[in-house]
Amino acid sequence: MTEHEEQATAPRDRTHRETGEDPAQRDTTQDARQNVQQDARDEERHEDGAHVSTAIETPGVPDAANPELVIISGMSGAGRSTAAKCLEDLGWFVVDNLPPALIPTMVELGARSQGNVARIAVVVDVRGRRFFDNLRESLADLDGRQVTRRIVFLESSDDALVRRFESVRRPHPLQGDGRIVDGIAAERELLRELRGDADLVIDTSSLNVHELRAKMDAQFAGEEEPELRATVMSFGFKYGLPVDADLVADMRFLPNPHWVPELRPFTGLNEEVSAYVFNQPGAKEFLDRYAELLRLIAAGYRREGKRYVTIAIGCTGGKHRSVATSEKLAARLVAEGVETVVVHRDMGRE
């Protein structure tokens, strides 16, 4: 998947008025400021006379007035522009490559838009160079204002990133006079803390543009935000652990259907394979206890404000045991009201 260049969307320029401060004009200036502030307060009243507070008048904006904010970041070449375009298509106001110090200003403008800008997505990455250092300060500012914000982090393997940069014949923004891998390593170090704070990590190493858009749609297309969204992913250990997994379960303690000749051609989606897996000692007990453990973890995630969880279920090749277990586990989660997406990462890879 190649990250397409998107034209940067920037906030509209704001006109600033400068007022003289010499003694002869100070009183007149003060009266003018008071008139402007009074006019602004009058405009902020509804027809029923109710007053709407703004960030100019109070340190924080009322929760109901704050726009929903999503910060999109991650590795260069991992699909940030595609993710941003997906949110734009879903009706979000998207700003690409905005200096982090201006994020609180964008939130203020959205809060004062009387609901016209209810959802804002901001792409923040190392292209901002020195401005990127202001990100943590801006996030602390948003937390102080009780702004609902989420961080989406786009991840990818070094090999995939190198292939993408080589395919478009563009240098990495941080490689300087070095190699592409040098730029990737420097970027990973800069983004390490942000990745740890992310609410949603999406690994795009094996995703194409359409699959990434499907993941974004699954997370953001709903009209009502669910309490918790889960991705249950089957995978094969021989192909490596999913880097975006929050929880990992190993199904290799069960007999492998691969060694049953009549089951080998099929996958865990086949009823015969699923029945074989769950007729093995310990299989049903594992599913029951793991589902119970997930209920406990999910309650803690909700308390901590975590809205997304990726549960990885692995076996040797990601074809039989992990697939069957993922399907059963996802059905349990759906029955308990958790919006769930099932992904079989390595099925068909043999």
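Here the structure is a predicted model, which is why all the values come from computation and not from measurement.

Points about the overall build of the protein chain
Then, in step 1: Helix and strand content of the protein chain: 10 helices and nine strands.
Then, in step 2: Evaluated residue by residue, the protein chain yields a buried proportion of 43% over its 350 residues.
Then, in step 3: For the protein chain, contacts bridging at least 24 residues in sequence account for 78% of all contacts bridging at least 6.

What about the sheet that holds strand E9 (residues 339–344)?
Then, in step 1: Taking strand neighbours across the sheet as the criterion, the four strands line up as E7-E8-E6-E9 in an open arrangement whose pairing is parallel. Looking at which strands have only one partner, the edges of the open sheet turn out to be strand E7 (247–250) and E9. The sheet shows a mean angle of 20 degrees between the axes of neighbouring strands, taken without regard to direction.
Then, in step 2: Summarising the sheet, E7 and strand E8 (residues 308–315) pair through four bridges and their orientation is parallel. The partner of leucine 247 across the bridge, within E8, is isoleucine 311.
Then, in step 3: Sheet strands in contact with helix H7 (residues 209–220) are strand E6 (229–236), E8 and E9, and its direction is about 150 degrees off that of E6.

Describing the confidence of the model for the protein chain
Then, in step 1: Predicted confidence across the protein chain gives a mean pLDDT of 80, with 77% of residues reaching 70 or more.
Then, in step 2: In the model of the protein chain, helix H1 (residues 23–43) stands out as the element of lowest mean pLDDT, 43, in contrast to helix H8 (residues 271–278), which has the highest, 97.
Then, in step 3: A low-confidence stretch, residues 2–64 (pLDDT under 50), is modelled with 56 contacts involving residues beyond four sequence positions or located in other chains.

What about helix H2 (residues 80–89)?
Helical geometry: 3.6 residues make up each α-helical turn, so side chains three or four residues apart lie on a common side.
Then, in step 1: Counting buried positions over the 10 residues of H2 gives seven, a clear majority of the element.
Then, in step 2: When we look at burial in H2, the residues that qualify are Arg80, Ser81, Thr82, Ala83, Ala84, Cys86 and Leu87.
Then, in step 3: Where H2 is buried, its residues touch strand E1 (68–74), strand E2 (93–96), strand E3 (119–123), strand E4 (149–155), helix H6 (180–197) and H7.
Then, in step 4: Looking at the residues trailing H2, positive phi occurs at glycine 91, about 100 degrees.

Brief notes about the packing of helix H5 (residues 158–168) against H6
Then, in step 1: Closest axis-to-axis distance for the H5/H6 pair is 10 Å, and the angle between their directions is 125 degrees. Our classification of the angle between H5 and H6 gives oblique. H5 and H6 meet at a crossing whose hand is right-handed. Between H5 and H6, the residues in contact are Asp158, Leu161, Val162, Phe165 and Glu166 and Ile180, Val181, Ile184 and Arg188, respectively.
Then, in step 2: Residue composition of the contact of H5 with H6, by class: six nonpolar, no polar and three charged.

So, the side chain of arginine 321
Then, in step 1: Here arginine 321 shows up in helix H10 (residues 321–335).
Then, in step 2: With residues up to four places along the chain from it excluded, the contact list for arginine 321 reads Met251, Arg252, Leu254, Pro255, Asn256, Pro257, Val277, Cys315 and Thr316.

Looking at the pattern of salt bridges
Then, in step 1: The tally for this structure, following the rule as stated, stands at 20 salt bridges.
Then, in step 2: The partner of glutamate 88 in a salt bridge is lysine 85, with the nearest N and O atoms 3.8 Å apart. One end of the pair, glutamate 88, and the other, lysine 85, are both in helix H2, three residues apart, so they sit about a helical turn from each other.
Then, in step 3: Assessed through its relative accessible area of 38%, glutamate 88 is described here as partly exposed.
Then, in step 4: By relative accessible area, which is 33% here, lysine 85 ends up partly exposed.
Then, in step 5: Arginine 345 serves as the salt-bridge partner of aspartate 346, at 2.9 Å between the closest nitrogen and oxygen.
Then, in step 6: Through salt bridges that share partners, Lys85, Glu88, Asp89 and Arg213 make up one connected network.

Brief notes about the nonpolar core
Then, in step 1: Counting residues in each nonpolar core, the largest one holds 47 residues, and the members touching the most others are Leu69, Ile72, Leu87, Ile103 and Phe220.
Then, in step 2: Discounting residues that sit within four places of it in the chain, isoleucine 103 has contacts with Leu69, Ile71, Leu98, Val122, Val124, Leu135 and Leu142.
Then, in step 3: If you look at the next biggest cluster of nonpolar residues, it comprises 28 residues, including Ala291, Leu294, Tyr301 and Ala330.

Thresholds applied
Residues numbered from 1 in each chain as written. Predicted model: local features only at pLDDT ≥ 70, side-chain atom pairs only at ≥ 80, totals over all residues. Heavy atoms only, no water. Helix = DSSP H or I, 4+ residues; strand = E, 2+ residues; numbered from the N terminus. Buried < 20%, exposed > 50% of the residue type's maximum accessible area, 1.4 Å probe, protein only. Contact = heavy atoms within 4.5 Å. Pairing = 2+ DSSP bridges. Axes fitted to C-alpha atoms, helices over the stretch in contact; angles between N-to-C directions. pLDDT = per-residue confidence, 0-100. Parallel < 35°, antiparallel > 145°, perpendicular 65-115°, else oblique. Left-handed = near helix turned anticlockwise from the far one by under 90°. Nonpolar A, V, L, I, M, F, W, Y, C, P; charged D, E, K, R; others polar. Salt bridge = Lys/Arg side-chain N within 4 Å of Asp/Glu carboxyl O. Core = buried A, V, L, I, M, F, W, Y, C linked by side-chain atoms within 4.5 Å.

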